[in-house]
Amino acid sequence: MSIKVDGLTKVYGSQTAVNGISFTAGPGVLGFLGPNGAGKSTTMKMLTGFVPQSSGYASVCGFDTVTNSIEVKRRIGYLPESNPLYMDMYVKEALSFMAGIHQLPNADSRIKEVIDQTGLTPEQHKKIHQLSKGYKQRVGIAQAILHNPEVLILDEPTSGLDPNQLIGIRQLIRDLGATKTVILSTHIMQEVEATCSQVIIINKGNIAANNTLQGLKEQHSGKSLEEIFISLTN
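Residues numbered from 1 in each chain as written. Predicted model: local features only at pLDDT ≥ 70, side-chain atom pairs only at ≥ 80, totals over all residues. Heavy atoms only, no water.

(A) Layout of the overall build of the protein chain. In terms of regular secondary structure, the protein chain is built from 9 helices and 10 strands. In terms of C-alpha radius of gyration, the protein chain reaches 18 Å, essentially the compact-globule figure of 17 Å for 234 residues. C-alpha extents for the protein chain along the principal axes are approximately 50 × 40 × 30 Å. Within the protein chain, the fraction of its 234 residues that count as buried is 49%. Restricting the contact set of the protein chain to residue pairs at least 6 apart, pairs at least 24 apart contribute 66%. For the protein chain, the computed accessible surface area is about 10900 Å², with 49% contributed by carbon and sulfur atoms. For the protein chain, the distance from the average site of its 21 positive side-chain charges to the average site of its 20 negative ones is 3 Å. (Helix = DSSP H or I, 4+ residues; strand = E, 2+ residues; numbered from the N terminus. Rg over C-alpha atoms; globule rule 2.2 N^0.38 Å. Buried < 20%, exposed > 50% of the residue type's maximum accessible area, 1.4 Å probe, protein only. Contact = heavy atoms within 4.5 Å. Areas by Shrake-Rupley, 256 points an atom, 1.4 Å probe, with all protein chains shown as cover. Lys, Arg positive; Asp, Glu negative; His and termini not counted. Charge placed at Lys NZ, Arg CZ, Asp CG, Glu CD.)

Quick look at the structure:
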């Protein structure tokens, strides 16, 4: 398994944000769902080494997120919800800068490939601040996949995309999930239905469900994913 989590906990003062959760994830797209404040983003930040856990264990591609954090970062592509971008850089310039950080061989050909993959070709010579929200989101995805990581963690990757853009990004996520482990956090149930094979629902720091999409529906008498989500998190 690319990701292993065992008893992962994060405590801020008197508040437990993530409460001893355990799960594994391999190649494919894992939908990581939960209401606001459930612990989704905190879990993803711990997996990427962005924040340390209070207790428990997590590994990515066999590397401990605490003791081997550099090796973990090499193997993860991360699109945070805030999508930090260098707004005064041109799209292609920003990707070239990121390729330099990753010390990518054949950087020019890889940048072209990623620009094509994410549909940024018509916008590649614009400054990022000139782009629509949807295209800025595409730049964030391009940065996350640029170094061809084994694991992708995407926090609300389709935020701000119009229906036509959604189709392309959904297909991209499915294609990436064919060879990579993708953790997709979203509030949009249609996104999960369209892209995910496995679903985890987290609520108040605890895992409320962990199953295949089909298995989850069978377990809940054929209810829709939205109905299941509401029943487990209300």
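Resuming the write-up.
(B) Inspection of the sheet that holds strand S5 (residues 63-64) at higher detail. The strand order S2-S1-S4-S5 describes an open sheet built from 4 strands, whose pairing is antiparallel. Of all strands in the sheet, those bounded by a partner on one side alone are strand S2 (15-25) and S5. Two elements, strand S1 (residues 3-12) and S2, share 7 bridges in a ladder whose sense is antiparallel. Note on S2: the bridge partner recorded for Ile 3 is Ala 25. The strands that helix H1 (residues 40-47) touches are S1, S2 and strand S4 (55-60); relative to S1, the one it contacts most, it runs at about 120 degrees. (Pairing = 2+ DSSP bridges. Axes fitted to C-alpha atoms, helices over the stretch in contact; angles between N-to-C directions.)

(C) Broad picture of the environment of Gly 13. When you line up the elements, Gly 13 lands in the loop between S1 and S2. Judged by its relative accessible area of 73%, Gly 13 is exposed.

(D) Broad picture of helix H4 (residues 107-117). Every buried residue of H4 is accounted for by Arg 110, Ile 111, Val 114 and Ile 115. Buried residues in H4, looked at end-on, bunch into an arc of 135 degrees, giving them a common side. Exposed and oriented more than 90 degrees from the buried face of H4 are Asp 108 and Lys 112. In this structure, the buried side of H4 is in contact with helix H3 (91-101) and helix H5 (133-145). Once H4 ends, the next one or two residues include Gly 119, with phi positive near 70 degrees. (Arc of directions from axis to C-beta.)

(E) Examining the pairing of strand S7 (residues 151-155) more closely. Where burial is concerned, most of S7 is hidden: 5 out of the 5 residues are buried. Here S7 shows a buried face lined by Val 151, Ile 153 and Asp 155 and a second buried face lined by Leu 152 and Leu 154. In terms of strand pairing, strand S6 (residues 76-79) meets S7 through 4 bridges, oriented parallel. Directly across from Leu 79, in S7, lies its bridge partner Leu 154. As defined by bridge partners, S7 adjoins strand S8 (residues 181-185) across 5 bridges and the pair is classed as parallel.

Nothing here speaks to function; it is geometry throughout.
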